[in-house]
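Spelled out, the chains give:
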Amino acid sequence: MDQLRAGTDVLFILIGAVMVLAMHAGFAFLEVGTVRAKNQVNALAKIMSDFAVSTIAYFFIGFSIAYGVDFFSGADTLSEKNGYELVKFFFLLTFAAAIPAIISGGIAERAKFYPQLLASLLLVGLVYPFFEGIVWNGNFGIQAALESWLGAGFHDFAGSIVVHAMGGWIALAAVLLLGPRTGRYRKDGGVTAHPPSSIPFLSLGAWTLTVGWFGFNVMSAQTVEAVSGLVAVNSLMAMVGGVLAALFVGKNDPGFLHNGPLAGLVAVCAGSDLMHPLGALVVGAVAGSLFVVTFTLTQNKWKIDDVLGVWPLHGLCGLWGGIAAGIFGLEMFGGIGGVSFLAQLVGSLLGVGVALLGGFVVYGLIKTFLGLRLTEEEEYLGADLSIHRITAEPDYNRGEV
């Protein structure tokens, strides 16, 4: 019976890992559909390369920092409990690799290729697992201290803060250090529009992310015994709340519409195992509205050239989700309870602080010693030709088709 339970848990978490792995295709096509046509190849190449680098960083360094577990032992030891620790690593790796995938959309169209891969190595190997271990493994006694002082530890079931806010706030640091795309903000105060290059690709990316997200959230239980249908339905309700809010607040704009479900899902991750579905619907609707409003402010008023809006989407909606778990997770709002609003606030702000500090240190050092951005000529040509020597549709570009 123990062998059957172990094998079932391995299969369960493996399915989750594959679903979240598929989300990286979603990240890729969301970026492909948003950036200009001359940067589409680069978007695909970054997501694929970043995942490979993230795997190396997390396998050799990050997983050990977060959980005190390494894989420097014989295969017979690694295969204990049907290799559960290995598939747990695989599952959590797909979360860790989301950090550079999120950042990629913010720094699109003007970032150097190999310096970004180095940043991915450092972030996934050092910065991300430092905070991951605090929240999900109780490292440094911070969770115990919060429980003692505030009555509950910081609750982040599937990573509104650990994954999404971390990625979004690190991306903000990178975007600020990188600077806006050439010509984006004109001297007369105007803003040069760069509309999405492909709404179908953008939609494909959004749908792929949305479907995979149910593995991201539901399989965060990590065992079959702990799985909860509440997580699935809360994810669904937050998703549709985000869609409808983004549709109406965004005035039918397809870019906002397709980011709406992602905003809702980002926000519900933290408390998806605690909230009532009606609470999840509200959380998702607030997140969808928050994304539309803050993306517009970021681009037009604050003049922060975050190409895909990853700081509003992941950073701010993730922050809202961490705090919202301390509101809608309470019994008075129909939740299961066992959370503290103050603990959620403190834990969420701690995550933002770690992300900003880590982002400015990593990207600041790379900017100083290697440089972050393409030359003006390379940016004009596009990252596809400048870095990869090919465009997304070379025959079409030459007029042969």
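Residues numbered from 1 in each chain as written. Predicted model: local features only at pLDDT ≥ 70, side-chain atom pairs only at ≥ 80, totals over all residues. Heavy atoms only, no water.

A. The overall build of the protein, seen in detail. Within the protein, the secondary structure is distributed over 17 helices and zero strands. Relative to the 2.2 N^0.38 estimate, which gives 21 Å for 401 residues, the radius of gyration of the protein is 21 Å and therefore close to what a compact globule would have. Overall size of the protein, expressed as C-alpha extent along the three principal axes, is 65 × 50 × 40 Å. Looking at the protein residue by residue over its 401 residues, the buried ones come to 56%. Sequence-distant contacts, at least 24 apart, represent 79% of the contacts inside the protein between residues at least 6 apart. For the protein, the computed accessible surface area is about 16200 Å², with 69% contributed by carbon and sulfur atoms. Between the averaged position of the 19 positive side-chain charges in the protein and that of its 27 negative side-chain charges there is a distance of 13 Å. (Helix = DSSP H or I, 4+ residues; strand = E, 2+ residues; numbered from the N terminus. Rg over C-alpha atoms; globule rule 2.2 N^0.38 Å. Buried < 20%, exposed > 50% of the residue type's maximum accessible area, 1.4 Å probe, protein only. Contact = heavy atoms within 4.5 Å. Areas by Shrake-Rupley, 256 points an atom, 1.4 Å probe, with all protein chains shown as cover. Lys, Arg positive; Asp, Glu negative; His and termini not counted. Charge placed at Lys NZ, Arg CZ, Asp CG, Glu CD.)

B. Highlighting the nonpolar core. With 106 residues, the main nonpolar core has Tyr 58, Ile 103, Trp 169, Ile 170, Trp 213 and Phe 216 as its most contacted residues. Among the elements that line this core, the one with the most residues is helix α8 (residues 160–178), at twelve residues. (Core = buried A, V, L, I, M, F, W, Y, C linked by side-chain atoms within 4.5 Å.)

C. Quick look at α8. The end-to-end C-alpha separation of α8 is 25 Å, in line with the 27 Å expected for 19 residues at 1.5 Å each. Within α8, the axis deviates most sharply at Met 166, by approximately 30 degrees. Directly after α8, the chain includes Gly 179, whose backbone phi takes a positive value near 85 degrees. (Expected span 1.5 Å × (residues − 1). Bend = angle between axes of the 7 residues up to and from the residue.)

D. View of the packing of aromatic side chains. This structure, assessed with the given rule, holds 23 aromatic pairs. Seen from their ring centres, Phe 63 and Phe 89 are 5.7 Å apart, and the 85 degrees between their planes marks the pair as edge-to-face. Residue Phe 63 is located in helix α2 (residues 40–67), and its partner Phe 89 is located in helix α4 (residues 84–96); the two are separated by 26 residues in the primary sequence. A single burial state applies to Phe 63 and to Phe 89, both of which are buried. Through a chain of ring-to-ring contacts, the aromatic side chains of Tyr 58, Phe 59, Phe 60, Phe 63, Tyr 67, Phe 71, Phe 72 and Phe 89 assemble into a single cluster. Above the plane of the ring of Tyr 380 lies Lys 38, whose end atom (NZ or CZ) is 5.5 Å from the centre. One residue, Lys 88, lies across the ring of Tyr 67, its end atom 5.1 Å from the ring centre. (Phe/Tyr/Trp six-rings, centres within 6.5 Å; stacked < 30°, edge-to-face > 60°. Lys NZ or Arg CZ within 6 Å of the ring centre and 35° of its normal.)

E. Structural view of the packing of helix α7 (residues 142–150) against helix α14 (residues 341–369). At a minimum axis distance of 10 Å, the contact between α7 and α14 shows a crossing angle of 150 degrees. In this view, α7 runs roughly antiparallel relative to α14, as classed from their interaxial angle. Relative to α14, α7 is oriented so that their crossing is right-handed. Counted together, Ile 142, Leu 146 and Leu 150 of α7 and Leu 342, Ala 343, Val 346 and Leu 350 of α14 form the full contact between these two elements. Residue composition of the contact of α7 with α14, by class: seven nonpolar, no polar and no charged. (Axes fitted to C-alpha atoms, helices over the stretch in contact; angles between N-to-C directions. Parallel < 35°, antiparallel > 145°, perpendicular 65-115°, else oblique. Left-handed = near helix turned anticlockwise from the far one by under 90°. Nonpolar A, V, L, I, M, F, W, Y, C, P; charged D, E, K, R; others polar.)

F. Molecular detail of the side chain of Gln 40. Tracing the backbone through its elements, the reader meets Gln 40 in helix α2. Leave out the neighbours within four places in its chain, and Gln 40 touches Val 32, Val 35, Ser 197, Ser 198, Asp 384 and Ala 392.

G. Spatial organisation of the packing of helix α13 (residues 310–328) against α14. For the pair α13 and α14, interaxial distance at closest approach is 7 Å and the crossing angle is 165 degrees. As judged from the angle between their axes, α13 and α14 are roughly antiparallel. In this structure, α13 meets α14 at a crossing whose hand is right-handed. Along the contact surface, α13 presents Leu 319, Gly 322, Ile 323, Ala 325, Gly 326 and Ile 327, while α14 presents Phe 341, Gln 344, Leu 345, Ser 348, Leu 349 and Val 352. Classifying every residue of the contact of α13 with α14 by side-chain character gives eight nonpolar, four polar and no charged.

H. Region of the structure containing α14. An ideal rise of 1.5 Å per residue puts 42 Å on 29 residues; α14 measures up with 42 Å between its terminal C-alpha atoms. Between a side-chain oxygen at the N-terminus of α14 and the backbone nitrogen of Leu 342 the separation is 3.4 Å; the capping residue is Ser 340. Directly after α14, the chain includes Gly 371, whose backbone phi takes a positive value near 90 degrees. (Polar contact = N/O pair within 3.5 Å; in protein donor to acceptor, adjacent residues only side chain to side chain.)

I. Structural detail: the environment of Lys 367. Mapped onto the elements, Lys 367 comes out in helix α14. Residue Lys 367 is classed as partly exposed on the basis of its relative accessible area of 43%. Taking the C-alpha atoms as reference points, Lys 367 and Arg 389, separated by 22 residues in sequence, lie 24 Å from one another. Apart from the residues within four sequence positions on either side, Lys 367 is in contact with Leu 177 and Leu 372.

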